[in-house]
Amino acid sequence: MRALIVDDSRFVRDYLRSILEEKGVECAEAMDGHAAMECLHSDGAFDVALVDWNMPVMSGLEMVHALREEGFSDLKVMMVTTEADNDFILRALDAGADEYLMKPFDRDALEEKLAMMGLVEI
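Residues numbered from 1 in each chain as written. Predicted model: local features only at pLDDT ≥ 70, side-chain atom pairs only at ≥ 80, totals over all residues. Heavy atoms only, no water.

1. Focus on the sheet that holds strand 3 (residues 48–51)
Pairing is parallel in the open sheet, where 5 strands are placed in the order 2-1-3-4-5. Here the strands that pair on one side only, and so sit at the sheet edges, are strand 2 (26–30) and strand 5 (99–102). Across the sheet, the mean angle separating the axes of adjacent strands is 20 degrees when strand polarity is ignored. Note: strand 4 (residues 76–81) against strand 5, 4 bridges, orientation parallel. Along strand 5, the bridge assignment pairs Val80 with Leu101. In the packing of helix 1 (residues 10–22) onto the sheet, contacts are made with strand 1 (2–6), strand 2 and strand 3, and the angle to strand 2 comes to roughly 170 degrees. (Pairing = 2+ DSSP bridges. Helix = DSSP H or I, 4+ residues; strand = E, 2+ residues; numbered from the N terminus. Axes fitted to C-alpha atoms, helices over the stretch in contact; angles between N-to-C directions. Contact = heavy atoms within 4.5 Å.)

Next up, the structure:
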């Protein structure tokens, strides 16, 4: 399995990578939605993208809209963000996100969401 981690925080990217790599997941990283879209076009297929909402250049929500419009329909998308308001959750799901994980989170919460998406077994 391949994951694209999209977050402007190096700490969050490293944390997500450490959990995913322990599960045997190959990871790539991007600091914003624009860089992530470039990665999607150049680095081949990914199974899941873990996407922050608030990033410079292109937000996570803008990225989800863009990747769905460009036909990345098989890519599972999990928003991983501090935005906890129901309006944000609904907007992300309406844009094409498959799951929503609120920061702060722990390993168990991430693994549970990945399992709900059919990507890992707990």
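Next comes the rest of the write-up.
2. Some details on unusual backbone geometry
Looking along the chain, the bond that leaves Lys103 and enters Pro104 is cis, with omega of -5 degrees. The topology assignment puts Pro104 in the loop between strand 5 and helix 5 (107–116). Even without glycine at this site, Val57 takes up a positive phi of about 70 degrees. Along the chain, Val57 falls in the loop between strand 3 and helix 3 (60–69).

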